[in-house]
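Residue-level listing of the chains:
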Amino acid sequence: MNTIGGQAVIEGVMMKSRNGWSVAVRGMDGKIHLRKESLKDRNKLLRTPIVRGVIALYDAFSIGIKALEFSANKAYEGEEQKPMSRHLLVFTIAVALMLGVGLFILFPLYATKLLGIAFHSVSENTVMFNLVDGLIRVFVFLVYIGAIGLWPEMKRILQYHGAEHKVIHAYEAGRMLKPEGLSDMSTHHPRCGTSFLLIVMVVSIAVFSFIPQSWHFFYKFLSRVIFIPVIAGLSYELLRFSSKRKDNVVIRFLVMPGLALQRLTTREPDELQVEVAIKALEEVLSLEVKDAR
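The structure contained in this document is the topic of the report that follows. As the structure is a computational prediction, the values presented were derived from the model and not from experiment. (Residues numbered from 1 in each chain as written. Predicted model: local features only at pLDDT ≥ 70, side-chain atom pairs only at ≥ 80, totals over all residues. Heavy atoms only, no water.)

**Some thoughts on the pairing of strand S3 (residues 20-26)**
Thought 1: Counted residue by residue, S3 has seven buried out of seven residues, so it is predominantly covered.
Thought 2: Burial of S3 is two-sided: the residues Gly20, Ser22, Ala24 and Arg26 facing one way and the residues Trp21, Val23 and Val25 facing the other way are all buried.
Thought 3: Relative to S3, strand S2 (residues 12-16) is paired through five bridges, and the arrangement is antiparallel. By the bridge assignment for S3, Met14 is matched with Val23. (Buried < 20%, exposed > 50% of the residue type's maximum accessible area, 1.4 Å probe, protein only. Helix = DSSP H or I, 4+ residues; strand = E, 2+ residues; numbered from the N terminus. Pairing = 2+ DSSP bridges.)

Next up, the structure:
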């Protein structure tokens, strides 16, 4: 069975398979708008471990921009407002990325540096420094996830996130895809991006421990940015490993924090939202059938 991933967008869901992606968005008129694209087959070198994780991160970013642009324009089509341009969307995402670097890399690093002034065990021990830096990063991440969940406008996106997971669970279980028949499906999934980000936080602690404590603050910060692809690649492999062995008792225990965190990033969807996720899945599966032919 083909592995399917997804992403919640504005009033819709994007689904991605190996050979393509699709996005389904419910407009203000109640109709579901669809878009799908095939993906070119990757060179074998780009499908090797670690490297494929970096490629997956790039794909998630590039496809995510297209899906968000489509959803933003279709969800509010009919209102008296100009469609969101690609340049505006890219600029918005670029600003968000810079804020993310500041919040999740620069701030924890600087906070750890300040703690090192008060506690010599932090400033003089490389492992301790990076452990504290990592724990602060995880704390900031948890606060951030909890805070956006309180934003009323985010509730529907989190519901579509839950719908995406329910439909993927049903597909993987071989269930019939009907909106009214998936109420027992979980809104949490081991391959979720939320779990991936938590793995990234943990892996970063191990990777950054190899950075010498004697380095200048600027070089520590720069190295953390440069190592993002390596950390993403390692985290991707760990996520794949855990999802393939989800029935193993030890693995189930290890993935529990990621699944628990999804309580903050998903909400129970209604049947109309599940219907949108089903449409997105059916569209991306049609690309798989076409490719097989």
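**Remarks on helix H4 (residues 126-149)**
Thought 1: The terminal C-alpha atoms of H4, which comprises 24 residues, lie 35 Å apart, in line with the 34 Å expected from a rise of 1.5 Å per residue.
Thought 2: Those residues of H4 that fall on the buried side of the exposure criterion are Phe129, Asn130, Val132, Asp133, Gly134, Ile136, Arg137, Val138, Val140, Phe141, Ile145 and Gly149.
Thought 3: Between the side-chain oxygen of the N-cap and the backbone nitrogen of Val127 there are 3.0 Å, and the N-cap of H4 in question is Asn125. (Expected span 1.5 Å × (residues − 1). Polar contact = N/O pair within 3.5 Å; in protein donor to acceptor, adjacent residues only side chain to side chain.)

**Describing the environment of Val132**
Thought 1: Relative to the assigned elements, Val132 resides in helix H4.
Thought 2: Dropping the residues within four chain positions of it, Val132 is found in contact with Thr112, Leu115 and Val122. (Contact = heavy atoms within 4.5 Å.)

**Quick notes on the layout of surface pockets**
One water molecule sets the probe size; rolling that probe over the atoms shows where empty space is left.
Thought 1: In this structure, the second largest pocket encloses a volume near 380 Å³.
Thought 2: Elements with a minimum of two residues in the lining of the second largest pocket: helix H6 (193-208), helix H8 (228-244) and helix H9 (249-265).
Thought 3: Counted by class, the lining of the second largest pocket contains twelve nonpolar, three polar and no charged residues. (1 Å grid on protein atoms, 1.4 Å probe; cavity = no way out; pocket = protein on both sides within 12 Å on 5 of 7 lines; lining within 4 Å. Points joined across faces, edges and corners; volume = space filled by probe spheres on them. Nonpolar A, V, L, I, M, F, W, Y, C, P; charged D, E, K, R; others polar.)

**Some words on the packing of H6 against H9**
Thought 1: Between H6 and H9, the least distance of the axes is 8 Å, while the angle of their chain directions is 125 degrees. Between H6 and H9, the interaxial angle falls into the category oblique. Handedness of the crossing formed by H6 with H9: right-handed. Between H6 and H9, the residues in contact are Thr194, Ser195 and Leu198 and Pro257, Gly258, Leu259, Leu261, Gln262 and Thr265, respectively.
Thought 2: Split by residue class, the contact of H6 with H9 holds four nonpolar, five polar and no charged. (Axes fitted to C-alpha atoms, helices over the stretch in contact; angles between N-to-C directions. Parallel < 35°, antiparallel > 145°, perpendicular 65-115°, else oblique. Left-handed = near helix turned anticlockwise from the far one by under 90°.)

**A few points about the pattern of salt bridges**
Pairing is possible between side chains of opposite charge, provided their charged atoms come close.
Thought 1: This model, assessed by the stated rule, comprises eleven salt bridges.
Thought 2: For Lys66, the salt bridge identified is with Glu37, shortest N-O distance 3.5 Å. Taken as a pair, Lys66 in helix H1 (residues 51-75) and Glu37 in strand S4 (residues 32-38) lie far apart in primary sequence, 29 residues in all.
Thought 3: Overall, Lys66 belongs to the partly exposed group, its relative accessible area being 27%.
Thought 4: Since its relative accessible area comes to 22%, Glu37 is described here as partly exposed.
Thought 5: A cluster of three or more residues bridged by salt bridges with shared partners is formed by Arg35, Glu37 and Lys66. (Salt bridge = Lys/Arg side-chain N within 4 Å of Asp/Glu carboxyl O.)

**Description of the sheet that holds S3**
Thought 1: On the basis of which strands lie adjacent, the open sheet formed by four strands has the order S1-S2-S3-S4 and antiparallel pairing. The open sheet has two edge strands, strand S1 (5-9) and S4, and neither has a second partner. Across the sheet, the mean angle from the axis of one strand to that of its neighbour is 15 degrees, orientation sign disregarded.
Thought 2: Each of S1, S2, S3 and S4 touches H1; the most contacted strand, S3, lies at about 25 degrees to it.
Thought 3: Its contacts with the sheet put helix H5 (residues 154-172) on S1, S2 and S3, and the angle it makes with S1 is roughly 160 degrees.

**A word on the environment of Ala280**
Thought 1: With respect to the helices, strands and loops of the structure, Ala280 is situated in helix H10 (residues 271-292).
Thought 2: Taking the C-alpha atoms as reference points, Ala280 and Ser121, separated by 159 residues in sequence, lie 52 Å from one another.
Thought 3: Setting aside chain neighbours within four positions, we find Ala280 in contact with Val13, Met15, Ser22 and Ala24.

**Side note on the nonpolar core**
Most often, soluble globular proteins keep nonpolar side chains buried together rather than apart.
Thought 1: Core analysis: the largest hydrophobic core is formed by 21 residues, its most contacted members being Ile4, Met15, Val167, Leu182 and Leu281.
Thought 2: Within the residue set of this core, elements represented by two or more residues are S2, H5 and H10.
Thought 3: When residues in this core are grouped by element, the largest group, eight residues, is from H10.
Thought 4: Grouped together as the second largest cluster of nonpolar side chains are 16 residues, Phe104, Val140, Phe141 and Ile145 included. (Core = buried A, V, L, I, M, F, W, Y, C linked by side-chain atoms within 4.5 Å.)

**What to know about empty space enclosed by the protein**
Thought 1: Under the criterion given, the structure shown has one cavity of 30 Å³ or more.
Thought 2: Considering the residues around the largest cavity, the lining is formed by Phe129, Asn130, Phe208, Ile211, Pro212, Gln213, Lys220 and Arg224.
Thought 3: Of all the elements in the fold, those that place two or more residues in the lining of the largest cavity are H4 and helix H7 (217-226).
Thought 4: Within the lining of the largest cavity, the residues separate by chemical class into four nonpolar, two polar and two charged.

Shape descriptors only; they carry no functional weight alone.
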